[in-house]
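A look at the structure
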Amino acid sequence: MALPQPEAPPPSARPTGHVALIGMMAVGKSTVGRGLARRWGVRFIDTDTEIEATTGQTVRELWEEGGEPGYRPLERRAVQAALATSEPVVLATPGGVVVDDLMAEALAGEDVTTVYLRATAATLVDHVGDGEGHRPLLGDDPPAAIAGLLRQRAGRYQALADLVVDVDGREPDEVVAAVLAGLST
Ligand code: S3P
């Protein structure tokens, strides 16, 4: 006798083209991006993972070797390549997407829907504490570094966003649901 199958979630309308998640490091772009891609049946691309696969080095090693001037061009190439694919993708962009004009420009294309996952510094500090590795920009005082980066970048993320979704107090699957709801209105 066939066992009852779990009910499939109702299909969610997917924007045409690519969806790029932007926001600070540790906000949850990779987890939420994976969830959205699964839901829509499209490919998920994580910029940091792509860079590590292409170079054969970790993000930390690459920062140690070349610092920011060495790393940003790698990010730019990975973001541009991801958004140039013919099939739609969900892309987790690097936190520094807003510090590079060409990366920001790549997101401004008409075939890209940009979703800003927004969090307070307190939430980000909390997530970093969960041990998400590779954070070369955080130095010896992660709370101060995060507060400083957020101050510099929040307005730029906001300006690039087609949709803003708040992450504070939400589990990743609740953030996925909020993105789906926001994109369907
Ligand atoms: C950075 C964020 C990190 C990584 C690098 C620089 C930033 O990416 O690319 O450490 O400038 O905020 P994630 O946002 O994927 O963690």
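What this report covers is the structure whose coordinates are included nearby. (Residues numbered from 1 in each chain as written. Predicted model: local features only at pLDDT ≥ 70, side-chain atom pairs only at ≥ 80, totals over all residues. Heavy atoms only, no water.)

Focus on the pattern of salt bridges
The condition is simple: Salt bridge, as used here, is a side-chain nitrogen of Lys or Arg placed within 4 Å of a carboxyl oxygen of Asp or Glu. Every helix listed is a DSSP run of H or I at least four residues long, and every strand listed is a run of E at least two residues long, numbered separately from the N terminus. Note on classification: 1.4 Å probe, protein chains only; a residue is buried when its accessible area is under 20% of the maximum for its type, exposed when over 50%, partly exposed between these limits.
For the structure on display, the rule yields four salt bridges. The salt bridge involving Arg 72 is made with Glu 75; its shortest N-O contact spans 2.8 Å. Taken together, the positions of Arg 72 and Glu 75, both in helix α3 (residues 59-83) and three residues apart, correspond to about one turn of that helix. With respect to class, Arg 72 is no different from Glu 75; both count as buried.

Some thoughts on the nonpolar core
Which entries qualify depends on this criterion: Here, nonpolar core means buried Ala, Val, Leu, Ile, Met, Phe, Trp, Tyr and Cys residues that are tied together by side-chain atoms lying within 4.5 Å of each other. The contact definition used throughout considers only heavy atoms, calling two residues in contact when any of these lie within 4.5 Å.
Leu 36, Val 115, Leu 117, Val 165 and Val 179 are the most contacted members of the largest nonpolar core, which totals 46 residues. Contacts of Leu 117, omitting those with residues within four sequence positions, involve Leu 21, Ile 22, Gly 23, Val 27, Gly 28, Lys 29, Val 32, Val 165, Val 167, Val 175 and Val 179. Ranked by size, the runner-up nonpolar core spans seven residues in total, among them Ile 51, Trp 63, Tyr 71 and Leu 74.

Here we look at the packing of aromatic side chains
Which entries qualify depends on this criterion: For Phe, Tyr and Trp, where Trp contributes only its six-membered ring, two rings pair if their centres lie within 6.5 Å, and the inter-plane angle classes them as stacked under 30 degrees, edge-to-face over 60, or tilted in between.
The tally for this structure, following the rule as stated, stands at two aromatic pairs. Ring centres of Trp 63 and Tyr 71 lie 5.4 Å apart, and the angle between their planes is 35°; on these two criteria the pair is classed as tilted. Relative accessible area serves as the criterion here: at 1%, Tyr 71 is assigned to the buried category.

With respect to the sheet that holds strand β1 (residues 18-22)
Selection rule: Pairing between two strands is assigned when DSSP locates at least 2 bridges connecting them. Simply put, an axis is a line fit to the C-alpha atoms, just over the touching stretch for a helix, and the angle between two N-to-C directions goes from 0 to 180 degrees.
Overall, parallel pairing links the five strands, which are arranged β2-β3-β1-β4-β5 in an open sheet. With one partner strand each, in any of the chains shown, β2 (43-46) and β5 (163-166) form the two edges of the open sheet. For this sheet, the mean angle separating the axes of adjacent strands, direction not counted, is 20°. Along the sheet, helix α1 (residues 29-40) contacts β1, β2, β3 (89-92) and β4 (112-118); its crossing angle with β2, the most-contacted strand, is approximately 165°.

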